[in-house]
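Chain and residue survey
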Amino acid sequence: MEKVFVPRGYQIELFQRARDNNAIAYLDTGAGKTFISVLLLDHVSPSLMKRDGTRKWAFFMGCTVPLVQQQADALRKQLPNLKVALIVGDMNVDGWSEAAWRQKFEETDLFILTPQILVNLIMHGFFKLSDSALLIFDECHHTIKNHPYNQLMSSYFRVPSHLRPKIFGMTASPLLTLKVDDTLYACQMKFQQLESRLDSTVFTVSDRSELKEYISTPLEEILLYDPTIPDYIPPHVSYMMDQRKVIGRICSDYGRIFQDAIDILCDLGPCGCYLFLAIIAKNFLKSKLHPRMSAPARNDIEISMQIVESSAENIRPSANVAKGYIGKAHRLITQLHQNLANFEDPSFRAILFIQTKLEVEVVRFILKYFPAFKLKIRVNFLVGHQENFYGTGMDMKSQNKVVQKFKDGKINLLIATSVGQEGIDIQPCRLVMHLSPINNVKDYVQSRGRARHKDSILRLFVPMGDYAQVEFLGKIQQAERMMREAVYLREDHQRFETDDDGDFYEISSTGARIDLHQSVSLVYQYCGKLPGDRFTDHFPKEEIFYAEGGYQCRVRMPLMSPVKMSEGLVKSKKKLARASAHLEMVKQLHKGGHLTDFLTCDFQLEDLQLELESDQVEISENYVPEIPQVLCRPLQIDLNQDDVQVEISRWTICTFETDRIWSLGIVLPNWIDPADLPSMENLTVSVFHKEYPRFHLENIAKFHRNLFSIIKPGLYNNSKISTRKSYLFVPLIGSDIDWDVILQVETNLKSIPAVDLLQLENFNIETLFPGKVVTRKNVGGHFQVEKIDFDSTADSKFEKTAGFRPTINLEKEKHRTYVEFYADRGIHLNFPEFPLLQVRRISFRKFQDEVQVENIPFELCTVVNIPGKFLEGSVLLFRHLFNWERRLLTIQFEKDMKFEEFNLKIPMGMLQSCLTSRNVEPVANYERLETLGDAFLKWKVSVWAFSEFSQGHEGQLSILRAKMISNSNLRKIGILKKIHRYISMNPFKLEDMSVATLRENSEISIPQKIVADVVEALIGAFHLCESGDPFLKWMNIPCEMKSIPQPIQDPNFDYSTFQEIQDVLQYQFKNPEILRQALTHSSSMNTSCKDSYQRLEFLGDAALGYLITGMIYKKHQETDPGKITDLLIFLVNNDMFAQLTIRYGFHRHIHLESEDLAVAIQKYVDGIPSTWDLDAMIARSSFGSDAPKTLGDIWESIAGAILIDSDMDLNKLKTIYLDHLMKDVISIGPNQVPIHPVRELQEWCQKKSHRCEFRFAGCQDTTRCRTNLENGDTKVHVVIDGEEIASASGSNKRSAKFLAARTATKKLNTNL
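Within every chain, residues take consecutive numbers counted from 1 along the sequence as written. Note on the predicted model: pLDDT of at least 70 is required for a residue's local features to be given, and 80 or more for side-chain atom pairs to be given and counted; whole-chain, interface and lining totals, by contrast, use all residues. Side-chain measures were taken over the full set of non-hydrogen atoms in the model, leaving aside hydrogen atoms and water.

A short note on the overall build of the protein chain
Worth spelling out the cut-off: Every helix listed is a DSSP run of H or I at least four residues long, and every strand listed is a run of E at least two residues long, numbered separately from the N terminus. Classification of residues uses two cut-offs on accessible area relative to the type maximum, computed with a 1.4 Å probe and protein chains only: under 20% is buried, over 50% is exposed, and between them is partly exposed. We call two residues contacting when some pair of their heavy atoms lies within 4.5 Å. Note on areas: these come from Shrake-Rupley sampling with a 1.4 Å probe, and a residue is covered only by the protein chains present in the view.
When you go through the protein chain residue by residue, the secondary structure sums to 43 helices and 34 strands. Across the 1312 residues that make up the protein chain, the buried fraction comes to 54%. The long-range share in the protein chain, meaning contacts at least 24 apart out of those at least 6 apart in sequence, stands at 74%. Summed over all atoms, the accessible surface of the protein chain reaches about 60100 Å², with 49% contributed by carbon and sulfur.

Take a look at the structure:
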């Protein structure tokens, strides 16, 4: 393999040691430890690239995500022959199945990941360490206690020694627990412990002289500062000292804030203290940093923060160093002033280490107030991910962005917490300052490692007179030297394997194995995936108590967990007792079927063991459409016979507008059942048989081609007549074919310019043109000449003729002559003296509601040699034939689907509507039936899922239902049943009636949603015909309901508290425990109720949607489907149901344990008038209220409870809800529903041809965006054609989008 780097001597030395034995490389930061791992990976690469049963894999692990990302970039460049995969938690790897991991292993040689991912892989049995060739531990000194490195090594020691992978560790400070007072012997023993944990030997370079050529040692300086407390104590600090204990009793975190503020006062002075408090007050009041705090406690702290902020107004940061700054701040500012010249150097970088995130922000603000710094010092900060009461951390993307800017020189001073010491590759610095005390050897070594630039300086801030700290720094330096010496002097030792306490749970079928320490995280992970809202505490409750011989723990799970409680074994330590209880919970969850045999807790459809038929087949996007069989058989011509017998259908058409009568014929290959002939008020169809010589039939075919060549020039170029659809059009006269017309068209096919007719000896405009078909110069389409207007010539002015609607705007042109009109368009009229032709346009695409007639000069026309009467009649015939084909196809669909065998009956007209899109038929299409079918399908699937999976929680049932009723699944079912072949999707086009456009096996595609909509329309239609359930069975959609178990009543609970609700409902529950469950929120843990309302809400949601949809469908038969949808959205939504819940007082009976939810409900209730008013309710429910979802859920869950208690009696629920509780609400008509502002804005933009966007502030992916403001709200900007028009914020995306759209529409309407 071609190397992209040249290894140094010491790197080769350590590689050779690691090649022969498990090794830990102890090297300074920046010495190139990663290159040694590259050499080692290259060495084992042959075993990684095998594609047989002996294949192995390698793993490179880092403790932080930024670290593994940076290492992945480097390793990909150095090892181009290996397939490298970067795996991090943000990729949702916890949800990957065994099959997904198997696929990933097939396509990967080297995994770069954090160790916890590999630990989980082994725990779930997805991977065996014996299949690994090499494990690389970056920052391996973390292999202590319960770190994932240590957990991984526990699995390593369970592998037989001859099957274990090679170990390679890398570190710059190997002894994480080294103390400054440790002896050399103690240091050696700690080395031995690290080596034992990693089954490796620590090595470093034998000669450091070469290392010094590449690694610079910084100059170390101690900066002394005056720690004197100022004589003047500001009022806000005095208040803090008084409040500290009071606030501390309410919340220990906020008591700590005041103590930290006093410490900052001493370190940074009054200005620093002011900034600290201002930031805290801002973060707390806007972000609600402690959402679980009780409302009284939050109120007390808010008042305290406001007083602190107002008391500190007289203290402001100043650019004057002598004013407002003391101690560290004064010394820091002085140092930066002295180094300003260095900051002008583009290559100069400096880093300042500070202990806490908030101190980082305070110092950044302090530096911001110095004008001299602004021009030369470009400052930013770097903090960790973790969130605490001081605020949120930085995500990985933000960290990488800051590090890259620091590398590029856009930032030259980086203020960082300990996250900048290790785990992130930072540009070497010429100046490193430690504002906070150094606590241990590791901090010292890693901070010094950032000063790798030549002539770099490490400056440590120490208070004046603090000799203990100066002495402590000296001991740290001595301990580091001793640590290196111990590596050289230690003697060989006998390694020992780590202890295994013996408490574990293993699944023999998969090899999944979990121990005490891993069980805690798995239980928390399981709880985190349980359904619930943002007010639900997704954590188990732990109770540790003293038991004989030690400690014991009891774990209580959230209400939604199927297993409620577990107790662990008695252990000597509380930590072990806690882990033992969680391990017992894992056992119970697995034995109950709630964890898979891989011990995974991903709640996917596999957990419900459902396999849909549509999942088992591959669906093609293209298909050959069906043609009515009666039209499919080609005309058979026996060459041995002179005469051919054909069947001709006579179509007599009468138009009501003009009373014109056309009689035309179609030559068909098959006998037509009279029952299948179309029956319309203005259409008469009859059939007769004729025998003609074979050459006559050939003439008919030529006429057919000529006819369509006139209609659509070029249609038959390179086309062959299809054998899939065979019928020919003919002109009729009486009961026979009009051969004169056929001969006329055949012999004079070419069109003749009208001016050429002037050369005829018998030219007479009065006799030559009336009834003829003409085309116009520079104007598309065909026209029929109605008569000659002898009163007008081209020199006449435009005049409106009574009874006609011309295509020219006569009002605009009435003062001009025809000659002037055409001259402006570059057309010169040579014969203006001739009378004008009065022509009527023949429409080939739509019915003519109005006759389009105008006068035109004859010399602009070209005469088409076909009778106008026949051509115009053909157009009407084609339209009727198009509709007849659809009807024949519907008849054939019913037969092909074999509905009679399944006793499925439906009116033919309704069936045809189901198969017709809006493009084809604006009225009689599938849209209304699709709305009904969607609601019925959702209801039937919900009932089936609810009864089939009695242990499935609402989240699982919702996923299952969503998949079964999804467009994707319904489309697959429709294609499996071949329904898509019979759908009329495209509107009438005259050229489509020509058989030339239908080639053998020509395939087309159809949008996914259309197939799904047709399936839902069929479901709705059969439901109306009382065959809904049989049709679902025919579609292989499960819909049968099993027996639903009733909850057991609690003898200790007083159910009389629910009598008020039962009186309102006018329904007495046979089992009031169902009603209790319907009123129990998932935040409730101190309750004997076995479940929350969520399953009942799932059932009630589907039932109410179905009942209300059915009522609207029957009540508004003639209403446009779009308005029906708007009305449904308005009636069936959380805002409406929430108001109804409050209207009838159901909210007063909700059992919950979330104070935040209680506050949110009360806030919403306070905004609802005590007197019910329907108009006010409509205004509030206009898609914009911000009702807590729980209120709407309760309305649905009580509906579900009524169903369960009444043995699924839908009529009972309809009587209680629609006929009683919602009687006035469902009386709302479609015209009373206001237009949604989002829809109004989008329609306005579409009409004006503007581009409208909704942009979520600070969120690129709007589908995953939840909150983007500090207080948890979401902000949305309305942008039209790139310009921001309005913005608004709300508690969620929906409300924010609504408010932003409403603001934008008001602004636009005002401007207009």
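Some words on the sheet that holds strand β17 (residues 550-556)
Selection rule: For two strands to be treated as a pair, DSSP must find no fewer than two bridges joining them. Inter-axis angles, ranging from 0 to 180 degrees, are taken between N-to-C directions of lines fitted to C-alpha atoms, where helices are fitted over the stretch in contact.
The antiparallel open sheet is built from three strands, whose spatial order is β16-β17-β18. Each of the sheet's edge strands pairs with one partner strand only, and the pair in question is β16 (541-547) and β18 (565-567). Strand-to-strand twist across the sheet, computed as the mean angle between neighbouring axes with direction ignored, equals 20°.

Here's the deal with the environment of Leu-970
Topologically, Leu-970 is positioned in helix α30 (residues 967-976). Sequence separation of Leu-970 and Val-1014 is 44 residues, and the distance between their C-alpha atoms is 9.2 Å. If we skip the residues at most four places from it in the chain, Leu-970 touches Leu-937, Met-964, Ile-965, Ala-1012, Val-1015, Glu-1016 and Ile-1037.

Considering a nonpolar patch on the surface
Note the cut-off: Two distance rules govern patches: like charges are joined within 9 Å, and nonpolar side chains (Val, Leu, Ile, Met, Phe, Trp, Tyr) within 5 Å, applied only to residues with over 30% relative accessible area and no salt bridge. Salt bridges, as used here, are contacts in which a Lys or Arg side-chain nitrogen is within 4 Å of a carboxyl oxygen on Asp or Glu.
Nonpolar side chains collect at one region of the surface, where Ile-222, Leu-224, Met-464 and Val-470 lie side by side and expose about 330 Å² of accessible area between them. Residue position: Ile-222 is located in strand β8 (residues 219-225). Judged by its relative accessible area of 40%, Ile-222 falls in the partly exposed class.

Regarding the pairing of strand β28 (residues 835-842)
Looking along a regular strand, one sees the side chains alternate between the two faces of the sheet. Taken across its eight residues, β28 has seven buried, putting it largely inside the fold. Pairing of strand β27 (residues 779-793) with β28, which is carried by eight bridges, proceeds in the antiparallel orientation. Bridge pairing in β28 links Gln-784 to Arg-840.

Observations concerning helix α3 (residues 65-78)
For clarity, the threshold we go by: Each helix should span, by expectation, one fewer than its residue count multiplied by 1.5 Å.
Helix length check: α3, at 14 residues, gives a terminal C-alpha distance of 20 Å against a target of 20 Å (1.5 Å per residue), a fit within 8%. Lining the buried residues of α3 we find α2 (33-48), β2 (57-61), β3 (84-87), β4 (110-113), β5 (132-138) and α16 (396-408).

Quick notes on the pairing of β2
Across the five residues of β2, five count as buried, placing the element largely inside the fold. Of the two faces of β2, both are covered, the one formed by Trp-57, Phe-59 and Met-61 as well as the one formed by Ala-58 and Phe-60. Here five bridges tie β2 to β5, and the two strands are oriented parallel to one another. Paired with Ala-58 across the two strands is Leu-134, which belongs to β5. Both β2 and β4 contribute to a ladder of four bridges, which runs parallel. Bridge pairing links Phe-60 to Ile-112 in β4.

Focus on the packing of helix α40 (residues 1189-1205) against helix α41 (residues 1210-1221)
Defined as follows: Handedness of a crossing follows from how the near helix is turned relative to the far one, being left-handed for an anticlockwise turn of less than a right angle and right-handed for a clockwise one. For this classification, the nonpolar set comprises Ala, Val, Leu, Ile, Met, Phe, Trp, Tyr, Cys and Pro, the charged set comprises Asp, Glu, Lys and Arg, and every other residue, Gly included, is treated as polar.
Relative orientation of the contacting elements α40 and α41 amounts to 140°, with a least axis distance of 8 Å. The way α40 lies across α41 gives a crossing that is right-handed. Where α40 abuts α41, its residues Trp-1195, Ile-1198, Ala-1199, Ile-1202 and Leu-1203 lie against Leu-1210, Lys-1212, Leu-1213, Ile-1216, Tyr-1217 and Leu-1221. Looking at the contact of α40 with α41 residue by residue, the classes come out as 10 nonpolar, no polar and one charged.

Considering the sheet that holds strand β32 (residues 1252-1256)
Ordered by their spatial adjacency, three strands build an open sheet running β32-β33-β34, and the pairing between neighbours is antiparallel. The open sheet is flanked by β32 and β34 (1283-1290), the only strands paired with a single partner. Neighbour-to-neighbour, the strand axes of this sheet turn through a mean angle of 20°, independent of strand direction. Pairing between strand β33 (residues 1274-1280) and β34: seven bridges, direction antiparallel. When the bridges of β34 are listed, Lys-1275 appears paired with Ser-1289. Here helix α42 (residues 1237-1248) sits on the sheet in contact with β32 and β33, set at roughly 135° to β32.

Some words on the nonpolar core
Put simply, the test is: Residues grouped as a nonpolar core are buried Ala, Val, Leu, Ile, Met, Phe, Trp, Tyr and Cys residues, joined through side-chain atoms within 4.5 Å.
Counting 117 residues, the largest nonpolar core has Trp-939, Leu-1065, Trp-1195, Ile-1198 and Tyr-1217 as its most contacted members. Broken down by element, this core gets its largest block of residues, 12 residues, from helix α35 (residues 1094-1115). Sequence-distant contacts of Trp-1195, defined by excluding residues within four places in its chain, comprise Leu-1104, Phe-1137, Leu-1140, Thr-1141, Tyr-1144, Phe-1146, Tyr-1217, Leu-1221 and Met-1222. By size, the runner-up hydrophobic cluster in this structure holds 99 residues, among which are Ile-87, Ile-117, Leu-414 and Ile-457.

Description of the side chain of Ser-917
This is how it is decided: Within 3.5 Å is the distance limit for a polar contact, defined as a pair of N or O atoms, with the added protein rule that one can donate a hydrogen and the other accept it, and that residues adjacent in sequence qualify only through two side-chain atoms.
In this fold, Ser-917 is placed in the loop between α27 (908-914) and α28 (927-948). Using a relative accessible area of 2% as the deciding quantity, one classes Ser-917 as buried. Here the side chain of Ser-917 touches Met-985 through a polar contact of 3.0 Å, landing on its backbone oxygen. Excluding residues within four positions of it along the chain, Ser-917 makes contact with Asn-925, Tyr-926, Ser-984 and Met-985.

As for the pattern of salt bridges
The full count for this structure, using the stated rule, is 31 salt bridges. Arg-918 is paired through a salt bridge with Glu-927; the nearest N and O atoms lie 3.0 Å apart. For Arg-918, a relative accessible area of 36% puts it in the partly exposed group. Overall, the relative accessible area of 21% leaves Glu-927 in the partly exposed class.

What to know about the confidence of the model for the protein chain
Here is the rule we go by: pLDDT: the predictor's confidence for each residue, scored from 0 to 100.
On average, residues of the protein chain score 78 in pLDDT, and 77% of them reach the 70 mark or higher. pLDDT under 50 marks residues 491-500. Its contacts with residues more than four places away, or in other chains, come to 17 contacts. Per-residue pLDDT stays below 50 along residues 996-1000; that stretch engages in 14 contacts with residues further than four places along the chain or on separate chains.

Comments concerning the environment of Val-159
Along the chain, the position of Val-159 falls in the loop between α6 (148-157) and β6 (166-171). Considered as a pair, Val-159 and Leu-129 are 30 residues apart in the sequence and their alpha carbons are 7.2 Å apart. What Val-159 contacts, discounting residues up to four positions off in sequence, is Leu-129, Ser-130 and Arg-164.

Description of the packing of aromatic side chains
When we look at a pair of aromatic rings, we describe it by the centre distance and by the angle of the planes. Where we set the bar: The rule is short: rings of Phe, Tyr and Trp, with Trp giving its six-membered ring, pair when the centres are within 6.5 Å, and they are stacked under 30 degrees, edge-to-face over 60, tilted in between. The rule for a charge over a ring is simple: NZ of Lys or CZ of Arg within 6 Å of the ring centre, and within 35 degrees of the ring normal.
This model, assessed by the stated rule, comprises 39 aromatic pairs. Aromatic pair Trp-96 and Trp-101: ring centres 4.8 Å apart, planes at 55°, arrangement tilted. Accessibility expressed as a relative area gives 3% for Trp-101, which makes it buried. Here the aromatic rings of Tyr-524 and Phe-539 are separated by 5.9 Å at their centres, their planes lie at 50°, and the arrangement is tilted. With Tyr-524 in helix α19 (residues 516-528) and Phe-539 in the loop between α19 and β16, this residue pair connects regions lying 15 residues apart in the sequence. The class for Tyr-524 is partly exposed, based on a relative accessible area of 27%. Judged by relative accessible area, which is 37%, Phe-539 ranks as partly exposed. Of the aromatic side chains, those joined through ring pairs into one cluster are Trp-57, Phe-59, Trp-96, Trp-101, Phe-105, Phe-111 and Phe-127. Here the basic side chain of Arg-928 rests over the ring of Tyr-1113, its NZ or CZ set 4.6 Å away from the ring centre. In this arrangement the basic side chain of Arg-1095 is found over the ring face of Phe-946, its NZ or CZ atom lying 4.2 Å from the centre.

Quick word on α42
One turn of the α-helix equals 3.6 residues, which is why residues spaced by three or four share an orientation. Across its 12 residues, α42 extends 16 Å between first and last C-alpha, which sits within 8% of the 16 Å expected from 1.5 Å per residue. Among the residues trailing α42, Ser-1249 stands out with phi positive, at a value near 60°.

Section: unusual backbone geometry
Phi angles above zero are rare outside glycine, and Lys-145 is one such case at about 45°. Inspection of the secondary structure assignment puts Lys-145 in the loop between β5 and α6. Positive phi, normally seen in glycine, also occurs at Lys-978, with a value near 65°. Structurally, Lys-978 can be placed in the loop between α30 and β31 (1004-1005). Lys-978 gets classed as partly exposed once you look at its relative accessible area, which sits at 48%.

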